[in-house]
Amino acid sequence: MQLQDSLGRPLRDLRISITDRCNFRCTYCMPRENFGPEHDFLAKEEILSYEEMASVVASLLPLGLAKVRITGGEPLLRRDLPVLIAMLRDLDSELDIALTTNAVLLERHAEALLKSGLNRITVSLDAVETDLFQAITDSKNTPEEIFKGIEKAQQIGLPVKVNCVIKKGVNDSQIVPLTQACIERNITVRFIEFMDVGTTNNWNLDSVMSGDEMRGVLRDHFGPLEPKKSAHPSDVARLWHLPDGSKVGFIESVSKPFCGDCSRARLSAHGSIYTCLFSEKGFDLRGVLRFGAEKEEIATIIREIWTHRENRYSELRTQLKEKRQPVEMSFIGG
Ligand code: SF4
């Protein structure tokens, strides 16, 4: 029977953060001043094994789980990721398995990921201008390296989308050139409003460029945009068509919250379930997993958590007065 939370929302999507480490230090997610050499990343024994992650997924399939998104940190940093994907594929031939990556290592791993049963990839890319790209990612890598990984994936038949977080006054200059670069490669780019995730990205409303403003920039350059109906109500991106028929998406958590259809749970690398991107605490599963809990027992625990879920932070954001300590996005995979 389909599991529903206190607002009638199913648990349809599970995001699994398989590592809290990353090879970038993106300023809006993992700023180096907070995630430097002294930062306490999870120790090996604290991190769930692939078998433990697969048993959580196995327990959720009978409750209506349809999609798994593998994230991080940067998931391609964790060894043998195709082993996990193959385990999940064995659990359910219809399961929609997606990966979110910064694609620095994608060219090397794309074939093994496809062979193991991965359905599709979302690449985070916030600039096509090298200096700006390196400033945002605080790395020495280049957009060309990212596009090489994207092209490799496309070549072997792995569908790719691009996500771009727009921070006003930082990379809004990239909206048009990134859209052009994606149109040339027949990729859908989704622009994300800068969000107050975690506690380290110095978020403020003035740095948010709304979806309406972004569409204005595109309209001025490409001409009128047409809204397109979403494939599924819980899809976070709202799609629009450019005059040439290309699709562009917008994830507008700040200006047009979408909590009403939010069917996403998150599993951190250290084995806690979070019921919202802006949660302040998670529910530990690692303890029961390491006590050898059967999938029915895990399902009972998650059912108890989910049926009491009432999160809708983005809808309440402007009304909340008390200081919050939400979990870091890099810890639960966005
Ligand atoms: S704010 Fe929380 S409840 Fe709302 S859409 Fe995001 S994750 Fe879902």
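Residues numbered from 1 in each chain as written. Predicted model: local features only at pLDDT ≥ 70, side-chain atom pairs only at ≥ 80, totals over all residues. Heavy atoms only, no water.

Looking at the overall build of the protein
Helices and strands together make up the secondary structure of the protein, namely eleven helices and twelve strands. The buried share of the protein, reckoned over its 334 residues, is 56%. Within the protein, residue pairs in contact and separated by at least 24 positions form 72% of the contacts whose partners lie at least 6 positions apart. Total accessible area computed for the protein in this model is approximately 14900 Å², and 51% of it derives from carbon and sulfur atoms. (Helix = DSSP H or I, 4+ residues; strand = E, 2+ residues; numbered from the N terminus. Buried < 20%, exposed > 50% of the residue type's maximum accessible area, 1.4 Å probe, protein only. Contact = heavy atoms within 4.5 Å. Areas by Shrake-Rupley, 256 points an atom, 1.4 Å probe, with all protein chains shown as cover.)

Observations concerning the pairing of strand 4 (residues 120-124)
The side chains of a regular strand alternate, residue by residue, between the two faces of the sheet. In terms of burial, strand 4 is largely enclosed, as four of its five residues are buried. Relative to strand 4, strand 3 (residues 96-101) is paired through four bridges, and the arrangement is parallel. Following the sheet pairing, Leu99 is matched in strand 4 by Ile121. Read as a crossover between parallel neighbours, the route from strand 3 over helix 3 (residues 106-116) to strand 4 is right-handed. (Pairing = 2+ DSSP bridges. Right-handed = clockwise from strand over helix to strand, strands pointing away.)

Points about the nonpolar core
One recurring pattern in soluble globular proteins: nonpolar side chains tend to sit buried together. Core analysis: the largest hydrophobic core is formed by 105 residues, its most contacted members being Leu14, Ile70, Leu81 and Phe191. If you tally residues by element for this core, the top one is helix 1 (residues 50-60), at six residues. Not counting residues up to four positions away in its chain, the partners in contact with Leu14 are Val56, Val57, Leu60, Leu65, Lys67, Val68, Arg69, Ala265, Arg266, Leu267 and Ile273. (Core = buried A, V, L, I, M, F, W, Y, C linked by side-chain atoms within 4.5 Å.)

Focus: the site of the ligand
Close to the ligand lie Phe258, Cys259, Cys262, Arg264, Arg266, Cys276, Leu277, Phe278, Arg309, Asn311, Arg312 and Ser314, which account for all nearby residues. In the shell around the ligand, the residues fall into six nonpolar, two polar and four charged. (Near = heavy atom within 4 Å. Nonpolar A, V, L, I, M, F, W, Y, C, P; charged D, E, K, R; others polar.)

Side note on the layout of surface pockets
By volume, the second largest pocket amounts to about 440 Å³. Lining the second largest pocket are 18 residues, and of these Asp196, Trp203, Tyr313, Lys323 and Arg324 sit closest to its centre. Of the residues that constitute the lining of the second largest pocket, the class distribution is five nonpolar, seven polar and six charged. (1 Å grid on protein atoms, 1.4 Å probe; cavity = no way out; pocket = protein on both sides within 12 Å on 5 of 7 lines; lining within 4 Å. Points joined across faces, edges and corners; volume = space filled by probe spheres on them.)

Topic: the packing of helix 6 (residues 175-184) against helix 7 (residues 211-222)
Running from N to C, helix 6 and helix 7 cross one another at 65 degrees; their axes reach a closest spacing of 10 Å. Between helix 6 and helix 7, the interaxial angle falls into the category roughly perpendicular. Considering how the two elements wind past one another, helix 6 and helix 7 form a crossing that is right-handed. Counted together, Ile175, Val176, Thr179, Gln180 and Ile183 of helix 6 and Met214, Val217, Leu218, His221 and Phe222 of helix 7 form the full contact between these two elements. Taken together, the residues of the contact of helix 6 with helix 7 sort by class into seven nonpolar, three polar and no charged. (Axes fitted to C-alpha atoms, helices over the stretch in contact; angles between N-to-C directions. Parallel < 35°, antiparallel > 145°, perpendicular 65-115°, else oblique. Left-handed = near helix turned anticlockwise from the far one by under 90°.)

Things to note about the sheet that holds strand 1 (residues 13-17)
One open sheet holds the twelve strands; their spatial order is 7-8-9-6-5-4-3-2-1-10-11-12, and the pairing between them is mixed. Each having just a single partner strand, strand 7 (226-227) and strand 12 (283-284) make up the two edges of the open sheet. Those strands touched by helix 1 are strand 1, strand 2 (67-71) and strand 10 (264-267), and its axis lies near 175 degrees from that of strand 1. Set on the sheet, helix 6 makes contact with strand 5 (160-166), strand 6 (188-193) and strand 9 (247-251); between it and strand 6 the angle comes to about 155 degrees.

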